[in-house]
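# Structure at a glance
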Amino acid sequence: MLNFKEVLGYRFVDNTMAELVEEVHSRITHSQKTFIVTANPEIITYAQSNPSYDEIIKNSDYITPDGIGIVIASKILGRPLRERLAGFDLMLKLLELSDKKHYRIYLLGTKPTIIDLSASNIKKAFPNLEIVGFHHGYFQSDEKMIKEIQQKQPDLVFVGLGFPKQEKWISENLPHFAKGVFIGVGGCLNIWAGVTKRAPKLMVNLNLEWLYRLVKEPSRSKRMLAIPLFLKRVFRQRQ
């Protein structure tokens, strides 16, 4: 059983990565449909200003503290979360689990020229897992995607459509599936393809991954404006 703490009105997983992975493993074993949101300050800030998205996030099965900003906010508010559960690290651990247990994987997202590389590189890294299918994120018909995933019956579906699209897609279509753990993974598929580099391990350990991404992708500067707004709301709630 996982533990939870409420931060800014959202019920975050308050466990170690190993405990979270064990919980996901259990749900796969019991064919329990699962919707996981990997939430950073940007996602929470957007949700706070968009009621329909806010409802989607709060109705998911698990919200994980993906960004270090969430962990810092939890401490400021006197409800400290145990650790950051980064989306890429969660995906990596679940791929490792799938390699051991021969779980079936489906990849959905990124560009047509990139998803093939993502699938190829994941398969090279984890030869025992079964990638039953993959598709880029520029599909025109939800119905066709639903039918394909239904036919493939994956245990894990990694959805890299970017927020808020990926969470909306999972929320709207989860009822069509009999099983599967569905996780919004943002740009993780690009990292697996090699077109985006993850921060060096030292920067990850120092919780400076956000700075590395900003330097490498200056176009993210507008998105980073969500962080001051997020912190403003945190301090306002503390008062």
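A brief structural summary.

Conventions and cut-offs
- Residues numbered from 1 in each chain as written.
- Predicted model: local features only at pLDDT ≥ 70, side-chain atom pairs only at ≥ 80, totals over all residues.
- Heavy atoms only, no water.
- Phe/Tyr/Trp six-rings, centres within 6.5 Å; stacked < 30°, edge-to-face > 60°.
- Helix = DSSP H or I, 4+ residues; strand = E, 2+ residues; numbered from the N terminus.
- Buried < 20%, exposed > 50% of the residue type's maximum accessible area, 1.4 Å probe, protein only.
- Lys NZ or Arg CZ within 6 Å of the ring centre and 35° of its normal.
- Pairing = 2+ DSSP bridges.
- Right-handed = clockwise from strand over helix to strand, strands pointing away.

Attention now goes to the packing of aromatic side chains. Under the defined criterion, the tally for this structure stands at eight aromatic pairs. Here the aromatic rings of Tyr 46 and Phe 163 are separated by 5.6 Å at their centres, their planes lie at 75°, and the arrangement is edge-to-face. One end of the pair, Tyr 46, is in helix 2 (residues 41-49); the other, Phe 163, is in the loop between strand 7 (156-160) and helix 8 (165-173), with 117 residues separating them in the sequence. Overall, the relative accessible area of 29% leaves Tyr 46 in the partly exposed class. A relative accessible area of 22% means that Phe 163 is categorised as partly exposed. Ring pairs connect the aromatic residues Tyr 46, Tyr 53 and Phe 163, which therefore count as one cluster. Positioned above the aromatic ring of Phe 4, the side-chain terminus of Arg 11 is 3.7 Å from the ring centre. Here the basic side chain of Lys 58 rests over the ring of Tyr 10, its NZ or CZ set 5.0 Å away from the ring centre.

Quick look at the pairing of strand 6 (residues 130-135) now. Sheet analysis places strand 5 (residues 104-109) next to strand 6, joined by five bridges and oriented parallel. Bridged to Arg 104 within strand 6 is Glu 130. This β-α-β element, strand 5 to helix 6 (residues 112-125) to strand 6, shows right-handed connectivity.

Okay, unusual backbone geometry next. Residues Phe 163 and Pro 164 are joined by a peptide bond in cis, for which omega reads 0°. Tracing the backbone through its elements, the reader meets Pro 164 in the loop between strand 7 and helix 8. Not every positive phi belongs to a glycine, and Leu 8 is a case in point at roughly 60°. In this fold, Leu 8 is placed in the loop between strand 1 (4-7) and strand 2 (10-13). Residue Leu 8 is classed as buried on the basis of its relative accessible area of 10%.

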